Protein chains: 2
Amino acid sequence: MSALIKTWSGPVDTAWVDYNGHLRDAFYLLIFSYASDGLMDLIGLDDAGRKATGHTFYALETHLNYLLEVKAGVPVEVRTQILALDKKRVDVYHTLHVHESDTVLAANEQMLINIDSSGPKSTPFAPQVESRLRALFEPHRSLARPAFAGRAIAMPI
Amino acid sequence: MSALIKTWSGPVDTAWVDYNGHLRDAFYLLIFSYASDGLMDLIGLDDAGRKATGHTFYALETHLNYLLEVKAGVPVEVRTQILALDKKRVDVYHTLHVHESDTVLAANEQMLINIDSSGPKSTPFAPQVESRLRALFEPHRSLARPAFAGRAIAMPI
């Protein structure tokens, strides 16, 4: 558990709740998108780092499994595992929890790619970004592959 | 092309744009979430239909492929194909386009399940909802399986 990175925490905003009275599908992803920003902050790609390197991350692909409803005002947090890394891509796995609970409310895998904003075009990570990513990834190598990684949608038979 | 259902259209809201100057990942999904609402409207699960039946849809799982950037103010639309249907689930495939363009900006598969809101628990579609879904699905049976259906995230080797 402790190897996971806490990348976002906060209450569920009332503006994120839909006609079903719970967090709308897209706003689970907004929370996970903020969690990816949280990861970027940790590896030197915060606003100042993006300006200094001219690099940023784009999402290529995302997969989300909705497991439990979440209501407005609930304090939630995101924990992040790095699943894989190459010279310019990082495969991240986020889980959403009520603050300090281990129950998974939703799981989100994201494939992110490093971008030279002057293109925009994909480009290898800046050296200092890559070394921070590798340092975060190292303790994750021995973690179990999580339940909702690499999933594809299919109608049950 | 004509068998696809136009389920949402409108401009990209400036509030949906992030520090990269383009539509944020989560707000592609908000557009696709509105498109699923558009589909619900067409099959009798608009606000009045939800009240009358006591039913609604929840998203179980979603997969999104980001293909091209989109900037604020661009008029976009969503076209929807029904991939599969059982007694209580519908597997939908949305594509995002600039208004009247066939270029795909993003693709999103969603597995939706019919819910009795009094539980909430899953339950078969109301008969009139199922018949409308089957009528929309019928011309989609002969369409090609789309490019980004059933995808799983994996690091390229």
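Please refer to the structure higher up on the page.
Asker: Now, about unusual backbone geometry: what can you tell me, with residues and values included?
Answerer: All names here are of chain A. In this structure, the amide linkage connecting G119 to the following residue, P120, adopts the cis form with an omega of -15°. Relative to the helices and strands, P120 is located in the loop between strand 5 (106–116) and strand 6 (121–122). Positive phi is not limited to glycine here, since E100 has a value of about 70°. Relative to the helices and strands, E100 is located in the loop between strand 4 (89–98) and strand 5. Residue classification places E100 among the exposed residues on the basis of a relative accessible area of 64%.

Asker: Go over the side chain of N65(A) with me, naming the residues and quoting the values.
Answerer: With respect to the secondary-structure elements, N65(A) resides in strand 2 (residues 55–66). Side chain to side chain, N65(A) and H63(A) meet in a polar contact 3.5 Å long.

Asker: Tell me about the nonpolar core, and please be specific about residues and values.
Answerer: Judged by nonpolar contacts, the single largest core of 74 residues is most densely connected at L96(A) and L96(B). For L96(A), the contacting residues outside a window of four places in its chain are L23(A), Y28(A), I31(A), F32(A), V70(A), V76(A), E77(A), V78(A), T103(A), V104(A), L105(A) and A106(A).

Asker: Can you tell me about the relation of the copies chain B and chain A, naming the residues and giving the values?
Answerer: Overlaying chain B on chain A yields an RMSD of 0.0 Å, the required transformation being a rotation through 180° with an accompanying axial translation of 0.0 Å. Here the symmetry operator amounts to a two-fold rotation axis. Most of the interface of chain B is mirrored in chain A, where 100% of its interface residues again form contacts.

Asker: Can you tell me about the environment of V90(A), naming the residues and giving the values?
Answerer: In this fold, V90(A) is placed in strand 4. Note: C-alpha distance between V90(A) and G119(A) (29 residues apart in sequence) is 20 Å. V90(A) has contacts with F57(A), I82(A), A84(A), L85(A), Q110(A), M111(A), L112(A), F125(A), L133(A) and M155(B), leaving out every residue within four places of it along the chain.

Asker: Talk me through the pattern of salt bridges; I want residue IDs and the actual numbers.
Answerer: Scanning the entire structure with this criterion turns up 22 salt bridges over all chains. In this structure, the salt-bridge partner of E77(A) is K6(A), at a minimum N-O distance of 3.4 Å. Taken as a pair, E77(A) in strand 3 (residues 75–85) and K6(A) in strand 1 (residues 5–11) lie far apart in primary sequence, 71 residues in all. Residue E77(A) is classed as buried on the basis of its relative accessible area of 3%. Across the pair R79(B) and E77(B) runs a salt bridge whose closest N-O atoms are separated by 2.8 Å. Connected through salt bridges with shared partners, the residues K6(A), E77(A), R79(A) and D102(A) form a single ionic network.

Asker: An account of the pairing of strand 4 of chain A is requested, with residue identities and associated values reported.
Answerer: Residues and elements named next belong to chain A. Burial runs high along strand 4: 9 of the 10 residues are buried. Connecting strand 3 to the antiparallel partner strand 4 that follows it, the hairpin turn spans 3 residues. Across 8 bridges, the pairing between strand 4 and strand 5 is antiparallel. Looking at the pairing, H94 lines up with N108 of strand 5.

Asker: So what's going on with the packing of helix 1 (residues 25–42) of chain A against helix 1 (residues 25–42) of chain B? Which residues, and what values?
Answerer: Between helix 1 of chain A and helix 1 of chain B, whose axes approach to 8 Å, the crossing angle comes to 180°. Put simply, helix 1 of chain A runs roughly antiparallel to helix 1 of chain B. Judged by residue contacts, D25(A), A26(A), F27(A), L29(A), L30(A) and S33(A) of helix 1 of chain A engage D25(B), A26(B), F27(B), L29(B), L30(B) and S33(B) from helix 1 of chain B. Per-class residue counts for the contact of helix 1 of chain A with helix 1 of chain B are 8 nonpolar, 2 polar and 2 charged.

Asker: Pulling in residues and values, what's your account of the interface of chain B and chain A?
Answerer: Taken together, the contact between chain B and chain A spans 43 residues of the former and 43 residues of the latter. Together, E61(B), I153(B) and M155(B) form the three largest contributors to the area buried by chain B at its contact with chain A, with a combined 21%. Remark: the boundary between chain B and chain A carries 4 salt bridges. At the boundary of chain B with chain A, the tally comes to 23 residue pairs in polar contact (both at pLDDT 80 or more). Elements with a contribution of two residues or more to the side of chain B that touches chain A: helix 1, strand 2 (55–66), strand 3 (75–85), strand 4 (89–98) and strand 5 (106–116) of chain B. At 11 residues, the largest contribution of residues to the side of chain B that touches chain A is made by strand 2 of chain B. In the sheet, strand 2 of chain A pairs with strand 2 of chain B via 5 bridges, with the strands oriented antiparallel.

About the cut-offs
Residues numbered from 1 in each chain as written. Chains lettered and ligands numbered in written order. Predicted model: local features only at pLDDT ≥ 70, side-chain atom pairs only at ≥ 80, totals over all residues. Heavy atoms only, no water. Helix = DSSP H or I, 4+ residues; strand = E, 2+ residues; numbered from the N terminus. Buried < 20%, exposed > 50% of the residue type's maximum accessible area, 1.4 Å probe, protein only. Polar contact = N/O pair within 3.5 Å; in protein donor to acceptor, adjacent residues only side chain to side chain. Core = buried A, V, L, I, M, F, W, Y, C linked by side-chain atoms within 4.5 Å. Contact = heavy atoms within 4.5 Å. Least-squares fit on C-alpha atoms with pLDDT ≥ 70 in both. Salt bridge = Lys/Arg side-chain N within 4 Å of Asp/Glu carboxyl O. Pairing = 2+ DSSP bridges. Axes fitted to C-alpha atoms, helices over the stretch in contact; angles between N-to-C directions. Parallel < 35°, antiparallel > 145°, perpendicular 65-115°, else oblique. Nonpolar A, V, L, I, M, F, W, Y, C, P; charged D, E, K, R; others polar. Buried area = accessible area lost by both parts, 1.4 Å probe.

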